[in-house]
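Read off the chains here:
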Amino acid sequence: MSKSDFGLYGLAVMGQNLVLNVESRGFQVSVYNRTTSVTDDFIAAHPGKKLVGAHTVEDFVQSLARPRKIHIMVKSTAVKDTDRDAVDAVIEQLIPLLDEDDIIIDGGNSFYQATERRDAYLATKGLRFIGAGVSGGEEGARKGPSIMPGGPASTWEVMKPIFESIAAKVDGEPCVIHIGPGGAGHYVKMIHNGIEYGDMQLICEAYNIFKHAGFTTDEMAAIFNEWNDGELQSYLIQITGKALEQIDPETGHSVVELIVDKAGQKGTGQWTLLNAAENAVVISTINAAVEARILSSKKKERVLASKELRGPAPTGALTMGDGITPWPKEILVQKVHDALYASKIISYAQGLDLIKTMSGKKNWDLDLGRIAAIWRGGCIIRARFLNFITDAYRSNPGLGNLMLDPYFKNILNGNQQSWREVVSLAMLNGIPVPAFSASLGYYDSYRAERLPANLLQAQRDFFGAHTYERVDKPEGEFFHTDWPEVIG
Ligand code: NBP
């Protein structure tokens, strides 16, 4: 039998679908899985395809044409330099069996620092390594994911034909580019996931406002379906509409309303937060989204608190205070739409700011416009709006903050009043909107010519003689005041 063009190690849901995708583009694929019955079942389920199943890692490696291209798709759990996980175990199995210049690709959700460690380690073994973030879940893997590969540009050139053929396409452009060196690919995938957390939470907050306003599930499904035809068009808005339409056959109730309100998470959102804190970048929308999941998971505590801690007195309808009933439904829908769009812009502005900061720090030279372009298809955050982000960076590669691009500036200026009204409405009625309000807080802070940090500096100088600059003196000159002594 001829040697295979591509090898895939790890036949769980993502691996199986990627294999079928690669095979469907004309490549012969060898597969291996630790539990060999999984390999046998997979091969048996797909007769007539150009697939080679191996029972040993040795046979798997030997079945591949050189330079070998082995894509690992196993569970990744390492989050510290010292952690070793299944990806490391698989790499150790492969090293003695490979030849110089063979390529290992880690397509799992690996932490970018683990990818950097593996990249350096494999280079000492004469092997090439690509850390590739793959987004789109099961369906994306099968039909065309968005792929974010990092590693040496020369290794990318070898992988390019396969990756470009399996990636999603938008306007004929494959949703894959060489992101940058080392851990840049997995890093960008991590921020993609953080942004995904923000998008999902913002949609949930919109839903929660509608629910408190007395909309039926059908009405809400119709709103999201309609929004999916407009500027909010996105995969997440689309699946929200579809999810709200789903009826449980057993009870006849909405499936969404039967689901326990405890959110799970796998960690990439928290990694994003830690990275933002390390780099002093504000990602308050993503932060709020991660924290909202954490608070949601404390269901028992919340149920207890709901009986102890008071909210606004129920009036039977939403109110803007003093019994003022707000807008008719269609106006409320438009205002929530505007608030959601503005908040979404903030979330992306923050995520891209973090990517830009890390790119500078690590000399990755990341192209934000091209990154936004490969998120337009295949991945969970795919959205019409990403076209405008791509355009913003194409027309101004040096753009400071996404909010200052003319298109986004106009949207924010136009939507800010509705956004304030929606956040106020939610707050006055005790509806939690942590991501909407964090986004608005960021917007107002970012655009404030003067913040109360003058008082903060006074406090710091008061208790710690940390000094301060003055508005009436040149920048860089520092002053200290002999503050009065405080007793007690
Ligand atoms: P899982 O993350 O559930 O991993 C299961 C696979 O890992 C199985 O093939 C399993 O083999 C293998 N494995 C494990 Br666990 N420990 C191993 C070890 N020590 N040595 C060798 N193989 C080992 O699979 P998945 O959901 O398909 O995800 C694969 C990767 O893709 C993960 O990093 C995930 O985070 C990422 N990802 C997933 C999605 C998604 O939607 N699921 C989306 C994007 C990225 P076994 O059969 O012998 O147990």
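Residues numbered from 1 in each chain as written. Predicted model: local features only at pLDDT ≥ 70, side-chain atom pairs only at ≥ 80, totals over all residues. Heavy atoms only, no water.

**Quick word on the domain arrangement of the protein**
Rules: Boundary definitions for the domains trace back to an automatic or database domain assignment. Only heavy atoms enter the contact rule, under which two residues are in contact if any of them lie within 4.5 Å. Using a 1.4 Å probe, buried area is obtained as the accessible area two parts lose upon being combined, added over both of them. Just to be clear on terms, a salt bridge is a Lys or Arg side-chain nitrogen sitting within 4 Å of an Asp or Glu carboxyl oxygen. For this analysis, a polar contact is any N or O atom pair within 3.5 Å, provided that within protein one partner can donate a hydrogen and the other can accept it, and provided that sequence-adjacent residues contribute only side-chain to side-chain pairs. Counting from the N terminus, the helices are the DSSP runs of H or I reaching at least four residues and the strands are the DSSP runs of E reaching at least two.
Domain boundaries assigned for the protein yield domain 1 (6-182), domain 2 (190-447) and domain 3 (452-488). Computed over C-alpha atoms, the centres of domain 1 and domain 2 are 33 Å apart. Counting residues at the interface gives 26 residues for domain 1, matched by 20 residues for domain 2. Together domain 1 and domain 2 conceal approximately 1800 Å² of surface at their shared face, both sides included; 61% is due to carbon and sulfur atoms. Here domain 1 is connected to domain 2 by four salt bridges. Between R394 and E173 there is a salt bridge, and its shortest N-O distance comes to 3.7 Å. Run the count over domain 1 and domain 2 and you get five residue pairs in polar contact (both at pLDDT 80 or more). Of all the elements in the fold, those that place two or more residues in the side of domain 1 that touches domain 2 are α5 (112-124), α6 (137-143), β7 (146-150) and β9 (173-174). Ranked by residue count, the leading element in the side of domain 1 that touches domain 2 is β7, at three residues.

**Section: the site of the ligand**
As a reminder, the rule being used: Being near a molecule or strand, for a residue, means having at least one of its heavy atoms within 4 Å of it.
The immediate surroundings of the ligand are formed by 19 residues, with M14, N33, R34, T35 and N109 found nearest. The side chain of R34 places a nitrogen or oxygen atom 2.9 Å from an oxygen atom of the ligand. Within the backbone of K75, a nitrogen or oxygen atom sits 3.3 Å from an oxygen atom of the ligand. Every element with two or more residues in the shell around the ligand is listed here: α1 (13-24) and α4 (86-94).

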